[in-house]
Amino acid sequence: MEGEMHRKLVQEFSDIATIIDSDGTITYVSPSVTRMLGYEPAELVGEVGYEYQHPDDRDSVADAIETIQTNPDDTQIIETRFRRADGSWCWIEATLQNRLDDPDFNGILVNSRDISKRKRQEHQHQELAKEYKTLLENVDDSIFFINVESVDTEYVFRFERLNRAYEEQTEISTEEVRGKTPTDVFGEDLGSNLQANYHRCAQVQEPISYEEEVPVETGARFWETVLTPVLTNGEVTQIIGITRNITERVKQERQLQRQKEQLDEFASVVSHDLRNPLGVAQGRAELLATECDSDHLPPIIRSLDRMEEIIADTLTLARQGQVVSDQEPIDVVNLVGKCWKNVQSDEATIEIEDNVVITGDPGRLQHIFENLFRNAIEHGGTDVTIRVGQIDTHGIYVEDTGSGIPEDAREAVFDAGHTSTSGGTGFGLTIVKRIAEAHGWEVKIVEGIDGGARFEFTGVDIDQ
């Protein structure tokens, strides 16, 4: 009974049992060799096993056999490639035991199992690791790895490694921080702030993003950081941080904010400190004109009115370049009609080619159309025709039938103070461009259908 059970176990056991003598000659191989390698047992008995081993693995196999012959109680486990019957290679893990003194074996017992799938997975993992390392070392963003330890419901965070970009942008190396806490590296105050963000990430177990201030020796100070937790069995065991140096951007934003504050202050001075005495001067001049007749009064009144126009345009220019945040759907027909009523049009005519709905700030866009209408009438004559229409799916235009703008002057007309008429302030078209850019639009001047000036606005959000 025991012999029959032993026979069945050997026949059905998936691993291969092999016996080799001290020279490596196969004296026995179990039937499972057929399933794994495609040989009949009789084909291998009497063969030297080395001849079936991959040439690169033969030395390690020979070393293992020599070791167990020298140390009979030792067990050797090796990985080697064995040639299948079809000529392909099979990775096997072999366990070698010395049974030379056992009369039932009289040789070295080798138990072998197919590990080709595991080897393929290991190779894939190695390739992924290479790709990961290449990515880590070549990406421009700074990346850091934090090990997370849970101790008595509290977390301990320790730096594990930094990528090349992090080291270059901070002049902090992996060797300096490995195994250290944020307070060890950055001090108590700054380190505590960093740990608070790591703690928040570990608590919510979801990625978080934020901006932080971390001054380093390279001069970088402000960072945009994303933390991503790595979970093992439901617990956060690691945090991967990706951080980008935004120091220059923050400096620019702060400079722009200071400039905006200065511009607002300037606009306030113009609006109140200049307009108030100007209003008094205009009122007194009008009263004086009713009391006496002087050739000097009309030029004074015209000059005061001129100052009022310049102040109004200056205020508009100062305030209209700010980015538009509150936008709404606007019917171009209604907007153009409203603007046309505010312009002294004489015999000029307005034609709306396309009835479209755009998105923007109605009050600020009113300045665009009114300024363009006045510009067309001033330069194209009192009987000029002005057209408003759509360009493709994301653009609108305003064109006139006047004499047009020379090609070499089309960019200059947008400059502040540029005017070709003695009565203009030179701010009208500058205001047009500033308001368009505040909406995220682009504006350019081309020749119209009838040779006049055509202002094309692109990047416009049009309701289709």
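This report concerns the structure included in the present document.

The rules behind each value
Residues numbered from 1 in each chain as written. Predicted model: local features only at pLDDT ≥ 70, side-chain atom pairs only at ≥ 80, totals over all residues. Heavy atoms only, no water. Helix = DSSP H or I, 4+ residues; strand = E, 2+ residues; numbered from the N terminus. Buried < 20%, exposed > 50% of the residue type's maximum accessible area, 1.4 Å probe, protein only. Contact = heavy atoms within 4.5 Å. Areas by Shrake-Rupley, 256 points an atom, 1.4 Å probe, with all protein chains shown as cover. Polar contact = N/O pair within 3.5 Å; in protein donor to acceptor, adjacent residues only side chain to side chain. Axes fitted to C-alpha atoms, helices over the stretch in contact; angles between N-to-C directions. Left-handed = near helix turned anticlockwise from the far one by under 90°. Nonpolar A, V, L, I, M, F, W, Y, C, P; charged D, E, K, R; others polar. Expected span 1.5 Å × (residues − 1). Pairing = 2+ DSSP bridges. Salt bridge = Lys/Arg side-chain N within 4 Å of Asp/Glu carboxyl O.

## What to know about the overall build of the protein chain
So, step 1. A tally of helices and strands in the protein chain yields 14 helices and 17 strands.
So, step 2. When the 464 residues of the protein chain are sorted by exposure, 38% land in the buried category.
So, step 3. Considering only contacts in the protein chain between residues 6 or more positions apart, those separated by 24 or more positions represent 54%.
So, step 4. When the accessible area of the protein chain is evaluated, it comes to approximately 26,800 Å², of which 47% is carbon and sulfur surface.

## Comments concerning unusual backbone geometry
So, step 1. Positive phi outside glycine occurs at Asn106, with the angle close to 50°.
So, step 2. With respect to the helices and strands, Asn106 occurs in the loop between strand E4 (89-99) and strand E5 (107-114).
So, step 3. Residue Asn106 is classed as exposed on the basis of its relative accessible area of 52%.

## Looking at the environment of Arg387
So, step 1. With respect to the element layout, Arg387 can be found in strand E14 (residues 385-391).
So, step 2. Ignoring anything within four residues of it in the chain, the contact list for Arg387 reads Glu351, Glu353, Tyr397, Val398, Glu399, Thr401 and Asp450.
So, step 3. At 2.8 Å, the side chain of Arg387 forms a polar contact with the side chain of Asp450.

## Quick word on the environment of Asp392
So, step 1. Note that Asp392 resides in the loop between E14 and strand E15 (395-400).
So, step 2. Look at Asp392 and you get exposed, because its relative accessible area is 69%.
So, step 3. Along the sequence, Asp392 and Ile462 sit 70 residues apart, while their C-alpha atoms lie 10.0 Å from each other.

## Side note on the packing of helix H13 (residues 362-380) against helix H14 (residues 428-438)
So, step 1. H14 packs onto H13 with a crossing angle of 145° between their chain directions and a minimal axis gap of 9 Å. Crossing hand, H13 versus H14: left-handed. Contacts from Arg364, Leu365, His367, Ile368, Asn371, Leu372 and Asn375 of H13 reach H14 at Gly428, Leu429, Ile431, Val432, Ile435, Ala436 and Ala438.
So, step 2. Residue composition of the contact of H13 with H14, by class: 9 nonpolar, 4 polar and 1 charged.

## A closer look at H13
So, step 1. Spanning 19 residues, H13 covers 26 Å between terminal C-alpha atoms, matching the ideal 27 Å at 1.5 Å per step.
So, step 2. Those residues of H13 that sit buried are Arg364, Leu365, Gln366, Ile368, Phe369, Glu370, Asn371, Leu372, Phe373, Asn375, Ala376 and Ile377.
So, step 3. N-cap assignment for H13: the residue whose side-chain oxygen lies 3.1 Å from the backbone N of Gly363 is Asp361.
So, step 4. Positioned one or two residues after H13, Gly381 has a phi angle of 100°, which is positive.

## Topic: the sheet that holds strand E17 (residues 453-458)
So, step 1. Taking strand neighbours across the sheet as the criterion, the 5 strands line up as E12-E14-E15-E17-E16 in an open arrangement whose pairing is mixed. Strands at the two margins of the open sheet, each flanked by one partner only, are strand E12 (349-352) and strand E16 (442-447). Averaged over all neighbouring strand pairs, the angle between strand axes comes to 20°, with direction disregarded.
So, step 2. Relative to E14, E12 is paired through 4 bridges, and the arrangement is parallel. Its bridge partner lying in E14, Ile352 is registered against Val388.

## A look at the pattern of salt bridges
So, step 1. Enumeration according to the criterion identifies 22 salt bridges in this entry.
So, step 2. In this structure, the salt-bridge partner of Glu79 is Lys119, at a minimum N-O distance of 2.6 Å. With Glu79 in strand E3 (residues 75-83) and Lys119 in helix H5 (residues 116-138), the pair connects residues that are 40 residues apart, well separated along the chain.
So, step 3. When its relative accessible area of 31% is taken as the criterion, Glu79 is described as partly exposed.
So, step 4. A salt bridge links Asp141 to Arg244, with the nearest nitrogen and oxygen atoms 2.9 Å apart. Remark: Arg244 occurs in strand E10 (residues 235-245) and Asp141 occurs in the loop between H5 and strand E6 (142-151); sequence separation between them is 103 residues.
So, step 5. Residues joined by salt bridges that share partners form a network here, namely Glu351, Glu353, Arg387, Glu399, Asp450, Arg454 and Glu456.

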